[in-house]
Amino acid sequence: MVKYTQVVLLRLFGICLFGFIVVFLLSGGLPTGLETCRCEEHDHERFHKTFRLEQYDQNRKKLAIVVPFRDRFDELLQFAPHMAAFLDKQGVPFHIFVVNQNDRYRFNRASLINAGFLEARDRFDYFAMHDVDLLPLNDNLRYEYPEEGPLHISGPEYHPKYHYSNFIGGILLLKMEHFVQLNGMSNRYWGWGLEDDEFFVRIKEAGLEVYRRGT
């Protein structure tokens, strides 16, 4: 009985010692809770630095970029940092609103833009309805306040598919009050296309003119 008890105790001691060594080795290769916290705070600070509106001239108009979105994460990963760098060079105070459609219905771009507008209207002076797959490359494309009327950034002469003069899709900037005047976009268009053509008709009927600047 004594020998059996000693054997059991020795085995338990060996298991405890082995477990202690494993825990010690693992804890030596991992950051402590304090280190993890500092790392997360540092990454959070670095990510949000570009998007702080307070760093810009407070007299400048604030831009809300509304991105209708679904299942295009690779493009979004390129879009966000590119737009941050591009608009930083222009000194435009901005924030990006990614409006995701999370259902099984066909894509409704106009409905997502309307939802993004409602989210941003009280905090920003103007907004851009901006497709996620379009990246401005020319510094002459100014995301300025569209004082004269709707400002179309992605002109039809440079679009690979839509060459007609009435095309206003892709990237369009509007003052908040103009979007209200136009009663937003129609929610009836499911799938790709036609919602921007109908919106162009609304713009014309309201007596507004679409402007394009830069090349």
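Please read these numbers as outputs of a predicted model, since none were measured by experiment. Here the residue numbers are simple positions, counted from 1 along each chain's written sequence. Side-chain atom pairs in this predicted model are given and counted only at pLDDT of 80 or more, local residue features only at pLDDT of at least 70, and totals for whole chains, interfaces and linings cover all residues. Calculation of side-chain values draws on the structure's entire complement of heavy atoms; hydrogens and water are dropped beforehand.

Undergrad: In this structure, what is going on with the overall build of the protein chain? I would like to understand it.
TA: The number of helices and strands found in the protein chain is six helices and five strands. For the purposes of this entry, the term helix denotes a DSSP run of H or I that reaches at least four residues, the term strand denotes a run of E that reaches at least two, and both are numbered from the N terminus. Reading the protein chain from its N terminus to its C terminus gives the helix and strand order α-α-β-α-β-α-β-β-β-α-α. Evaluated residue by residue, the protein chain yields a buried proportion of 37% over its 215 residues. Residue exposure (1.4 Å probe, protein chains only): buried if accessible area is under 20% of the type maximum, exposed if over 50%, otherwise partly exposed.

Undergrad: When you look at helix α3 (residues 73-90) in this model, what are you seeing that I'm missing?
TA: Given 3.6 residues to a turn, an α-helix orients residues that are three or four positions apart in the same direction. Compared with the 26 Å implied by 1.5 Å per residue over 18 residues, the 26 Å span of α3 between its first and last C-alpha is a close match. All of the buried residues in α3 are Leu-76, Phe-79, Met-83, Ala-84, Phe-86, Leu-87 and Gln-90. Contacts from the buried residues of α3 go to β1 (63-69), β2 (94-100) and β3 (126-130). Each residue after the first adds 1.5 Å to the expected span of a helix. Contacts: residue pairs with any heavy atoms within 4.5 Å of one another.

Undergrad: Got a minute to help me understand empty space enclosed by the protein in this structure?
TA: To locate leftover empty space, one rolls a probe as large as a water molecule over the atoms. Definitions used for this entry: grid spacing 1 Å over protein atoms alone; cavity, a set of points where a 1.4 Å probe fits but cannot get out; pocket, an open set with protein on both sides within 12 Å along at least 5 of 7 lines; lining residue, one with an atom within 4 Å of a point. Grid points are joined across faces, edges and corners, and a volume is the space filled by probe spheres set on the points. Under the defined criterion, the tally for this structure stands at one cavity of 30 Å³ or more. The volume enclosed by the largest cavity comes to roughly 60 Å³. Lining the largest cavity are Pro-68, Phe-69, Arg-70, Arg-72, Phe-107, Arg-109, Asp-131, Val-132 and Trp-192. Side-chain classes follow a simple rule in which Ala, Val, Leu, Ile, Met, Phe, Trp, Tyr, Cys and Pro form the nonpolar group, Asp, Glu, Lys and Arg form the charged group, and the remainder, Gly included, forms the polar group. Taken together, the residues that form the lining of the largest cavity break down as five nonpolar, no polar and four charged.

Undergrad: Sorry if this is basic, but what is going on with the pairing of β2 here?
TA: The side chains of a regular strand alternate, residue by residue, between the two faces of the sheet. What makes two strands pair is DSSP finding at least two bridges between them. As paired elements, β1 and β2 share seven bridges and run parallel to each other. Opposite Phe-69, over in β2, you have Asn-100 as the bridge partner. For a crossover, the right-handed case is the one in which the path from the first strand over the helix to the second runs clockwise, viewed with the strands pointing away from the viewer. Of the crossover connections in this fold, the one passing from β1 over α3 to the parallel β2 is right-handed.

Undergrad: How should the environment of Tyr-189 be read in this particular structure?
TA: Relative to the elements of secondary structure, Tyr-189 occurs in the loop between α5 (176-181) and α6 (195-205). When the C-alpha positions of Tyr-189 and Arg-106 are compared, they lie 9.4 Å apart, and in sequence the two are 83 residues distant. The contacts of Tyr-189, once residues within four sequence positions are left out, are Phe-107, Asn-108, Leu-194, Glu-195 and Glu-198.

Undergrad: I'm lost on the pattern of salt bridges in this one. Help?
TA: Should their charged atoms come close, side chains of opposite charge can pair. A pairing counts as a salt bridge when a side-chain nitrogen of Lys or Arg comes within 4 Å of a carboxyl oxygen of Asp or Glu. Following the criterion strictly, the structure yields 10 salt bridges and no others. Two residues, Asp-133 and Arg-72, come together in a salt bridge whose shortest N-O distance is 3.5 Å. On the criterion of sequence distance, the pair formed by Asp-133 in the loop between β3 and β4 (151-152) and Arg-72 in the loop between β1 and α3 is long-range, its members being 61 residues apart. With a shortest N-O distance of 3.0 Å, Glu-198 and Arg-202 are connected by a salt bridge. Pair noted here: Glu-198 and Arg-202 are both in helix α6, with a separation of four residues, about one helical turn. One continuous salt-bridge network, built from bridges that share partners, spans Arg-72, Glu-75 and Asp-133.

Undergrad: Can you walk me through the sheet that holds β1 in this structure?
TA: With respect to topology, five strands assemble into an open sheet ordered β2-β1-β3-β5-β4, the strand pairing being mixed. Edge strands, defined here as strands with exactly one partner in the open sheet, are β2 and β4. Looking at chain direction, β4 and strand β5 (residues 171-175) are connected through two bridges and run antiparallel. Its bridge partner being in β5, His-152 is matched across the sheet by Leu-172. Strands β1, β2 and β3 of the sheet are contacted by α3, whose axis makes an angle of about 165 degrees with β2. Here, axes are lines fitted to C-alpha atoms. For helices the fit covers the stretch in contact, and angles between N-to-C directions go from 0 to 180 degrees. The sheet contacts of helix α4 (residues 109-120) involve β1, β2 and β3, and relative to β1 the element is tilted by about 150 degrees.

Undergrad: Explain the packing of aromatic side chains to me, please; I cannot follow it from the model alone.
TA: Each pair of aromatic rings is reported with the distance of its centres and the angle of its planes. Each Phe, Tyr or Trp ring (for Trp, its six-membered ring) is paired with any other whose centre lies within 6.5 Å, and the angle between the two planes then decides the class: stacked below 30 degrees, edge-to-face above 60, tilted in between. According to the stated counting rule, one finds nine aromatic pairs in the structure shown. Ring centres 4.6 Å apart and planes at 50 degrees place the aromatic pair Phe-117 and Phe-179 in the tilted group. On the criterion of sequence distance, the pair formed by Phe-117 in helix α4 and Phe-179 in helix α5 is long-range, its members being 62 residues apart. Each member of the pair, Phe-117 as well as Phe-179, carries the same accessibility label: buried. By way of ring pairs, the aromatic residues Phe-117, Phe-127, Phe-179 and Phe-199 are connected into one cluster. One Lys or Arg, Lys-61, reaches over the ring of Tyr-145 and ends 5.1 Å from the middle of that ring. Distance and angle both matter: a charge sits over a ring if NZ of Lys or CZ of Arg is within 6 Å of the ring centre and within 35 degrees of the ring normal.

So, to be careful, I would describe these as geometric facts and stop short of saying anything about function.
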